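Reading the structure
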Amino acid sequence: MISAGDFRNGVTFEEDGNVLQVIEFQHVKPGKGAAFVRTKTKNVITGAVTEKSYNPSAKYPTAYIERRNMQYSYNDDGMYYFMDSETFDMIPVAEKDLPDSFRFVKENEECKILSYKGNVFGVEPPTFVTLEITHTEPGVKGNTATNTLKPATVETGAEIRVPLFINEGDMIRIDTRTCEYMERA
């Protein structure tokens, strides 16, 4: 059990059957009336963010989110399969449970599988991936005075915006948190 007065960023707890994670918190002690904790919480299953105030003495059960490193193996008919490197168990994850940034993940890459009480609810791709550019238009010489970007397709089939000097066959690093080009690899 955790009391609302002990809330910190990243703490996960259960409330009304929902698993919530504290994103922001603030202890408020008004001049008149009782103190309270103002929080911004995220439902880890649905992703919904809400703001709510709690009584600092209220207690909630702590929720333990399991994060396991697993290798992305393959996808088949809307299901993506991940293999545990130690037990070689295969875990299927529905396409709807994958984040938008998963489009940059190649087969055989390590991802973190998020589960609560054995139910998988999310996938965290690696923070940085290195991919090859498979298609992009050539940059026009002399058109680099500004920080202009052009569309490019990477080997996973995802599209990203890259600087004009990037050509087909170049290897680039992508930040999966922002889904943006970082640098040449």
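Rules used in this analysis
Residues numbered from 1 in each chain as written. Predicted model: local features only at pLDDT ≥ 70, side-chain atom pairs only at ≥ 80, totals over all residues. Heavy atoms only, no water. 1 Å grid on protein atoms, 1.4 Å probe; cavity = no way out; pocket = protein on both sides within 12 Å on 5 of 7 lines; lining within 4 Å. Points joined across faces, edges and corners; volume = space filled by probe spheres on them. Helix = DSSP H or I, 4+ residues; strand = E, 2+ residues; numbered from the N terminus. Nonpolar A, V, L, I, M, F, W, Y, C, P; charged D, E, K, R; others polar. Buried < 20%, exposed > 50% of the residue type's maximum accessible area, 1.4 Å probe, protein only. Contact = heavy atoms within 4.5 Å. Pairing = 2+ DSSP bridges. Axes fitted to C-alpha atoms, helices over the stretch in contact; angles between N-to-C directions.

Considered as a void within the structure, the largest pocket measures approximately 330 Å³ in volume. In this structure, the largest pocket is lined by 17 residues; those nearest its centre are Lys42, Val44, Leu114, Phe121 and Glu124. Of all the elements in the fold, those that place two or more residues in the lining of the largest pocket are strand S4 (36–43) and strand S11 (119–124). The dominant element in the lining of the largest pocket, judged by the number of residues it contributes, is S11, at four residues. Classifying every residue of the lining of the largest pocket by side-chain character gives six nonpolar, seven polar and four charged.

Mapped onto the secondary structure, Ser115 falls in strand S10 (residues 110–116). Since its relative accessible area comes to 7%, Ser115 is described here as buried. The spacing of Ser115 and Arg68 is 47 residues in sequence and 8.4 Å in space, taken between C-alpha atoms. In this view, Ser115 contacts Tyr64, Ile65, Glu66, Val120 and Phe121; residues no more than four positions away in its chain are not counted.

Below, the discussion takes up the sheet that holds strand S8 (residues 79–84). Strand order across the open sheet formed by five strands is S9-S8-S7-S10-S11, with antiparallel pairing between neighbours. In this open sheet, the two edge strands, each paired with only one partner strand, are strand S9 (90–94) and S11. Strand-to-strand, the axes of this sheet are offset by a mean angle of 45 degrees, without reference to chain direction. Sheet analysis places strand S7 (residues 66–76) next to S10, joined by six bridges and oriented antiparallel. From the neighbouring strand, Glu66 faces S10, where its bridge partner is Ser115.

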